[in-house]
Amino acid sequence: MNFTDIFIRRPVLSIVVSLVILVVGLRAAVSLPVLQYPRTENAVVTVTTAYFGADPEVIAGFITTPLETAIAQAAGIDYMTSSSAAGVSTITARLQLNYDYNTAMAEISSRIDAVADRLPAQAQKPSIAVQVGQNVASMYIGFFSDTMAANQITDYLVRVVQPQIQALEGVKLAEILGARNFAFRAWLDPQRLAAYGLTADDISQALASNNFISSLGNTRGQMVQVNLNASTGITSLAEFRNLIVKQTETSVVRLGEVAEVALGAEDYGSEIRFNGENAIVIAVNISPDASLLAVGEELESLFPVLQSQLPEGLDGRLVFNAANFVNAAIDEVIWTIVETLAIVVLVVFIFLGSIRSVAIPLSLIGTFVMMLVMGYSINLLTLLAMVLAIGLVVDDAIIVVENVNRHLEEGQKPFPAAIQAARELGGPIIAMTVVLIAVYVPI
């Protein structure tokens, strides 16, 4: 007796197995995470070193090159890229797929410590950051204004908008791109500096010695304890202008006399434009185990609230949402299934004269069970695989139905016809499926 005979001789067993596949498959489909791309443990380690005032050639020769040489000796690195800009060196090391990023971080850190004494004394200590998972943000929100300055927009986003977005479940990081953080800027006048016998280094030392945070502790009496506080930090533009940079027995030189002092931004080296407009953008990165569709829906719901809170003159737009692409892919798969079933009904009706013998491809639903067991997710690639598999499943169903109908036309009764047709095609269909699997596995 062939194994296919069991399901023909025992129709109740066939129905129960089909229902189990349907119920368990639907339950697995609900449990699967929905992402844009497959989840992988690909980590990127970024080493950033600041050396304020240095030109790109100095950065490349004295910071980027020795650090690159040291980092390249660490294990687990797939490839590295680096950039040397004015005042900052950035080295990006992409780790091998599924390599333990904690081990790589520890080794890269030790390599950097080994060459730290070779870096310029004025350079800041290299900072190491690691990003695990998808490197491209899933959503981007742009903010534009014709009346507000970029540093004012940045300040509002940091205080009001960014915390609300990062509080959403599934959001790993809401990063502000093109930020202009508030900073006191002193644009030095070389002629005035020369007239007072000062250099840029003198101004730097004066700023460091007159603008710092100091803790004095507290004082205690028999009944009272008082915390002591020293006003050692500059908190206003007037204080910044009046800061003493040189003092003699007869006179003092203040910063406002040798420089144009203004409230500006920390960095002017980059900007972001959207549709020709200057913008400050918040890039939303989701957690590796979060559902892209769920986070997208939460952000879509939160965005009108954020817009209603924006100050006058500031406009915000949701410029990119990757969940839209996944939703479109899911809709395409559903439409493909509908088209496939319609074609099957049409083909069976035209060639067999009946629509009663239409097999619904339950194996597609059962696929979700295996995806859940193997740790897969619903993403653009797995949806593409399902679209390809729909044709294979339906073809097999049509072949079996056609073979049964052929035996019926030859005069056999329905039961013997089903038994013989299944026996004839069971092995060939399995062999054909294995061959097709072998073709798709390399993809």
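All of the points below concern the structure found in this document. Fair warning: this is a prediction, and the values are worked out from it, not measured in the lab.

### Considering the pairing of strand β3 (residues 88–95)
Link 1 in the chain: Here strand β1 (residues 43–50) runs beside β3; their pairing, made up of seven bridges, is antiparallel. Looking at the pairing, V44 lines up with R94 of β3.
Link 2 in the chain: Examined bridge by bridge, strand β2 (residues 77–85) and β3 share eight bridges and lie antiparallel to one another. Bridge assignment links S83 to a residue of β3, and that residue is T90.
Link 3 in the chain: Here β2 hands over to β3 after two residues, with G87 in that stretch at a positive phi of 90°.

### Some remarks on the pattern of salt bridges
Link 1 in the chain: Scanning the entire structure with this criterion turns up seven salt bridges.
Link 2 in the chain: Linking E424 and R406 is a salt bridge whose minimum nitrogen-to-oxygen distance equals 3.3 Å. With E424 in helix α14 (residues 414–440) and R406 in helix α13 (residues 380–409), the pair connects residues that are 18 residues apart, well separated along the chain.
Link 3 in the chain: The class of E424 is partly exposed, set by a relative accessible area of 33%.
Link 4 in the chain: One continuous salt-bridge network, built from bridges that share partners, spans R406, E410 and E424.

### A short note on the layout of surface pockets
Rolling a probe over the atoms, with the probe sized like a water molecule, indicates the empty space that remains.
Link 1 in the chain: Its volume calculated, the second largest pocket comes out at about 1800 Å³.
Link 2 in the chain: Along the wall of the second largest pocket there are 41 residues; nearest its centre are F52, G87, R185, E266 and D267.
Link 3 in the chain: The dominant element in the lining of the second largest pocket, judged by the number of residues it contributes, is strand β7 (residues 182–188), at six residues.
Link 4 in the chain: Taken together, the residues that form the lining of the second largest pocket break down as 20 nonpolar, 15 polar and six charged.

### Examining the nonpolar core
Link 1 in the chain: Of all hydrophobic cores here, the largest spans 45 residues; its most connected members are F143, L157, V161, I165 and I282.
Link 2 in the chain: Secondary structure elements with two or more residues in this core: β5 (139–145), α5 (150–166), β6 (171–177), β14 (277–286), α10 (292–309), α11 (323–352), α12 (362–373) and α13.
Link 3 in the chain: A per-element tally of this core places α10 first, with seven residues.
Link 4 in the chain: Setting aside residues up to four positions removed in sequence, I165 forms contacts with I141, V171, A174, I282, V284, L302 and L306.
Link 5 in the chain: Core analysis: the next-biggest nonpolar cluster, separate from the first, contains 22 residues, V47, I63, A93 and I112 among them.

What counts and how
Residues numbered from 1 in each chain as written. Predicted model: local features only at pLDDT ≥ 70, side-chain atom pairs only at ≥ 80, totals over all residues. Heavy atoms only, no water. Pairing = 2+ DSSP bridges. Helix = DSSP H or I, 4+ residues; strand = E, 2+ residues; numbered from the N terminus. Salt bridge = Lys/Arg side-chain N within 4 Å of Asp/Glu carboxyl O. Buried < 20%, exposed > 50% of the residue type's maximum accessible area, 1.4 Å probe, protein only. 1 Å grid on protein atoms, 1.4 Å probe; cavity = no way out; pocket = protein on both sides within 12 Å on 5 of 7 lines; lining within 4 Å. Points joined across faces, edges and corners; volume = space filled by probe spheres on them. Nonpolar A, V, L, I, M, F, W, Y, C, P; charged D, E, K, R; others polar. Core = buried A, V, L, I, M, F, W, Y, C linked by side-chain atoms within 4.5 Å. Contact = heavy atoms within 4.5 Å.

Any functional reading would require information beyond the geometric quantities listed.
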